[in-house]
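# Tertiary structure, described
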Amino acid sequence: MPHHPPQAEEELAVLDALLADLAPDAEHLLPFLHRVQERLGHVSPAAIRYAAHAFNLSRAEVYGVVTFYGDFRESPVGDTVVQLCMAEACQAVGCRDLAAHAESSLGVQLGETTRDGRVHLEAVYCLGNCALGPSVRIGDDVHGRVTAAAFDTLVAAATSTRGAA
Amino acid sequence: MSLRVFVPNDTAACSVGADAVAHAIAMHGAMHGVDITIVRNGSRGAAWLEPLVEVDTATGRMGFANVSPGDAPSLFAGSAPNAQYPACIGLVEEHPWFARQQRLTFKRAGRIDPLSLAEYEAEGGLIGLRRALSLTAEAIVAEVTASGLRGRGGAAFPAGIKWNTVRQASSATKYVVCNADEGDSGTFADRLLMEADPYQLVEGMIIAGLAVGATRGVIYVRSEYPRAIATLREAISRAEGAGLLGASVLGSPHRFHLVVRVGAGAYICGEETALLESLEGKRGMVRAKPPLPALQGLFGQPTVINNVLTLAAATDVLAHGGTAYAALGLDRSKGTMPFQLAGNIARGGLVEVPFGLTLRELVDDFGGGSRSGRPLRAIQVGGPLGAYLPEHQWDTPLAYESFAAVGAMLGHGGVVCFDDTVDMAEQAEFAMAFCAHESCGKCTPCRIGSTRGVEVIQRLRRREESRKQWALLEELCETMELGSLCALGGLTPLPVRSVMTHFSADLLAPVGGRPE
């Protein structure tokens, strides 16, 4: 059971709103989970229960979907998600070195969040910017030909915008 | 008259600052009283020239390459383009990199405002659909069959045969599904087309619908492509408003409804049956075939599932006839192929040419060699499941048959170049690691084999029991090839074997023996 009932109620209201115009067919489960992920930053056990009920599925089925797809997270990660493309086209132009720099500069490994919770660093396999690598995605923005120095600038800019907002 | 200035709004152009450039040009116009209209066009695909700014002139569009915001004032001499500025590359379409291509699918890319249906039509759009509306379903399929068009997603299955199977299937409900889950590293042609010329995909899907008797279409786009998703959604909404989509396609008795669905970060969903599972709201687990999706596809109904470029090419096939399309190309590789030059390459981007050019011509003449200036050592063609080709294979013509003959594949046309600093053992290990990361887990050779593959290659890289591990790796590759349910497990051995065959020293030579 949720530890903080008022928050749970709040989450329930949000989930109701997110479901609103979606027909309760299983084909809308992914669109719904995308909305949940975007709005709440993760898909909580409560959201899984909610989705199972809404789409007439078992919780196991919804859990199976949530854990299958990389976009859905079971728990919140850092405020700013920084994705480094680690696929072949970026490997050919030094993304492994860039990743090493990013890890040491942020003090985390790929797949981890900084201790202050501000940045989550992770690998992604292809951003479709393969002629201008190494590529980094922050939010919906893709950045090309990212050097170590440019990486630090981008992360600083992204985290300061977040802080101000 | 207002000066029309084009600044691409495409992911690649914006990744190197096109938005800031557009802003700086607008500021320049406002501050110096130059009447400038900024058009956010799609990209022509010359990633190496981005941001590529173009200015309309009486003789054509004057291009400026690699523009930064600080360049904005220098691009203009009063209210004309400043042809003396070093960034000027002259008339864009006369630039050899473009002039030497033969663009069918990408002929409009970068020329038009992607969301302007009027510009789409003015540049040859909707001719194919109008013709299709005057033909029977059988005749549409016959054109596609005559064109020799094969699936551009990678498997290269003849589109006409697939469409005919769906056409002949009897069912009240059929679907057209577009596979826009372009996950292969080194490929970006689908993204470019969706961002630069989305109506071409819409038109191609309607044509497919007419051909097979389907009234519903779904475009499954990967979530890594937010700009493509936004562009498609807007294009569909405008197409509905203009009577291109909806209850009556261009005033005909035919209806066609189209929606966009977004993937969720799973490479395997580029495999057609996993994609269908995903559209049904399930884990993207590969289905056993048969039944073919053509007969039992989305929600168990007959389904045409084609890649973005296949559906787009269908518009050209219908507009100009299958025979004209089939006149281009080599052997049974008909028409043109949008190749994508990527990785360590000086002039990377999209090169659409008829099949038949050699890999070396593509990489040298268009690509201009490595970006790093070092000699190239290996070229991976066809994405993460494609072979690494050593230099002695670079004279292979780019065609399905000639690539198969050297143990490689063209796949979706991605060409990723590596210079001589590459450690091919590391690349072989990555191939297995990627398979392990992306395996849906349904079949054992792929799920377990890929993880064992990583371990075996790691032992080889540590030079532990090399002979034994080498034999083990060969056996493992064979098991994965023969025993996997789909191309992920079945083709992961392709890059691995290419490293074993052509770059064996990286796995076997004494450590430190290879010059860095």
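Structural data are supplied above this passage.
First things first, this report covers the structure right here in the doc.

Time to look at the overall build of chain A. In terms of helices and strands, chain A carries 7 helices and 5 strands. Starting at the N terminus and ending at the C terminus, chain A contains elements arranged as α-α-α-α-β-α-α-β-β-β-β-α. Projecting the C-alpha coordinates of chain A onto the three principal axes gives extents of approximately 50 × 30 × 25 Å. Expressed as a percentage of its 165 residues, the buried residues of chain A come to 49%. Total accessible area computed for chain A in this model is approximately 7,900 Å², and 52% of it derives from carbon and sulfur atoms. Across chain A, the mean location of the 11 positive side-chain charges is 4 Å away from that of the 21 negative side-chain charges.

Turning our eyes to something else, we now look at the interface of chain A and chain B. Contacts between chain A and chain B engage 40 residues on the former and 58 residues on the latter. Note on chain A versus chain B: buried area summed over both sides is about 3,600 Å², and carbon and sulfur give 54% of it. On the chain A side of the interface with chain B, the three residues burying the most area are Phe68(A), Glu88(A) and Tyr125(A), jointly 19% of the side's total. Put simply, chain A and chain B have 2 salt bridges between them. We note a salt bridge from Arg261(B) to Glu27(A), for which the minimum N-O separation is 3.4 Å. Connecting chain A to chain B are 27 residue pairs in polar contact (both at pLDDT 80 or more). Taken together, the elements giving at least two residues each to the side of chain A that touches chain B come down to α2 (29-40), α4 (59-68), α5 (88-91) and β5 (141-143) of chain A. Per-class residue counts for the side of chain A that touches chain B are 21 nonpolar, 11 polar and 8 charged.

Our focus in this paragraph is unusual backbone geometry. Residues Gly133(A) and Pro134(A) are joined by a peptide bond in cis, for which omega reads -5°. Note that Pro134(A) resides in the loop between β3 (119-124) and β4 (136-138). Put simply, Pro290(B) and Pro291(B) share a cis peptide bond, and its omega is 0°. Looking at the element boundaries, Pro291(B) is found in the loop between α11 (272-279) and β11 (303-307). Despite not being glycine, Glu465(B) has its phi angle at roughly 45°, a positive value. Checked against the element boundaries, Glu465(B) lands in the loop between α17 (444-461) and α18 (466-483).

The subject of this paragraph is the side chain of Asn129(A). Here Asn129(A) lies in the loop between β3 and β4. When near neighbours in sequence (up to four residues on either side) are disregarded, Asn129(A) contacts Ser135(A), Val142(A), His143(A), Gly144(A), Ala12(B) and Ser15(B).

Before going further, it helps to examine the sheet that holds β3(A). All names here are of chain A. The strand order β2-β3-β1-β4-β5 describes an open sheet built from 5 strands, whose pairing is mixed. For this open sheet the edge positions go to β2 (112-113) and β5, each flanked by a neighbour on one side alone. Bridge count for strand β1 (residues 80-85) against β4 is 3 bridges, and the pairing is antiparallel. From the neighbouring strand, Leu84 faces β4, where its bridge partner is Val136.

Attention now moves to the layout of surface pockets. Residues and elements named next belong to chain B. Volume-wise, the second largest pocket comes out at about 1,000 Å³. As for the second largest pocket, its lining consists of 40 residues, of which Gly153, Ala155, Gly270, Glu271 and Glu272 are closest to the centre. Broken down by element, the residue count for the lining of the second largest pocket peaks at 4 residues, all from β11. In terms of residue class, the lining of the second largest pocket is built from 17 nonpolar, 14 polar and 9 charged.

Attention now moves to the nonpolar core. With 208 residues, the main nonpolar core has Phe32(A), Phe151(A) and Trp163(B) as its most contacted residues. Ranked by the residues each element gives to this core, the list is headed by helix α9 (residues 198-212) of chain B, at 10 residues. Beyond its immediate sequence surroundings of up to four residues, Phe32(A) is in contact with Leu15(A), Leu18(A), Leu19(A), Leu22(A), Tyr50(A), Ala51(A) and Phe55(A). Counting residues in each nonpolar core, the second largest holds 23 residues, with Leu3(B), Ala24(B), Val34(B) and Val53(B) among its members.

Pairs may arise between side chains of opposite charge once their charged atoms sit close together. Residues and elements named next belong to chain B. Within this structure, the stated rule accounts for 40 salt bridges over all chains. The partner of Glu280 in a salt bridge is Lys282, and the shortest N-O contact between them spans 2.8 Å. Ionic pairing is found between Arg452 and Glu455, a salt bridge with its closest N-O pair at 2.7 Å. Of this pair, Arg452 and Glu455 are both found in helix α17, 3 residues apart, which corresponds to roughly one turn of the helix. By relative accessible area, which is 39% here, Arg452 ends up partly exposed.

Our next topic: the pairing of strand β15 (residues 349-354) of chain B. All names here are of chain B. β15 sits mainly inside the fold: 5 of its 6 residues count as buried. For strand β14 (residues 336-343) and β15, the ladder comprises 6 bridges, and the chain directions are antiparallel. Bridging across to β15, Leu341 finds its partner in Gly349. The turn joining β14 and β15, which pair antiparallel and follow one another in sequence, is formed by 5 residues.

Reading the values: rules and limits
Residues numbered from 1 in each chain as written. Chains lettered and ligands numbered in written order. Predicted model: local features only at pLDDT ≥ 70, side-chain atom pairs only at ≥ 80, totals over all residues. Heavy atoms only, no water. Helix = DSSP H or I, 4+ residues; strand = E, 2+ residues; numbered from the N terminus. Buried < 20%, exposed > 50% of the residue type's maximum accessible area, 1.4 Å probe, protein only. Areas by Shrake-Rupley, 256 points an atom, 1.4 Å probe, with all protein chains shown as cover. Lys, Arg positive; Asp, Glu negative; His and termini not counted. Charge placed at Lys NZ, Arg CZ, Asp CG, Glu CD. Contact = heavy atoms within 4.5 Å. Buried area = accessible area lost by both parts, 1.4 Å probe. Salt bridge = Lys/Arg side-chain N within 4 Å of Asp/Glu carboxyl O. Polar contact = N/O pair within 3.5 Å; in protein donor to acceptor, adjacent residues only side chain to side chain. Nonpolar A, V, L, I, M, F, W, Y, C, P; charged D, E, K, R; others polar. Pairing = 2+ DSSP bridges. 1 Å grid on protein atoms, 1.4 Å probe; cavity = no way out; pocket = protein on both sides within 12 Å on 5 of 7 lines; lining within 4 Å. Points joined across faces, edges and corners; volume = space filled by probe spheres on them. Core = buried A, V, L, I, M, F, W, Y, C linked by side-chain atoms within 4.5 Å.

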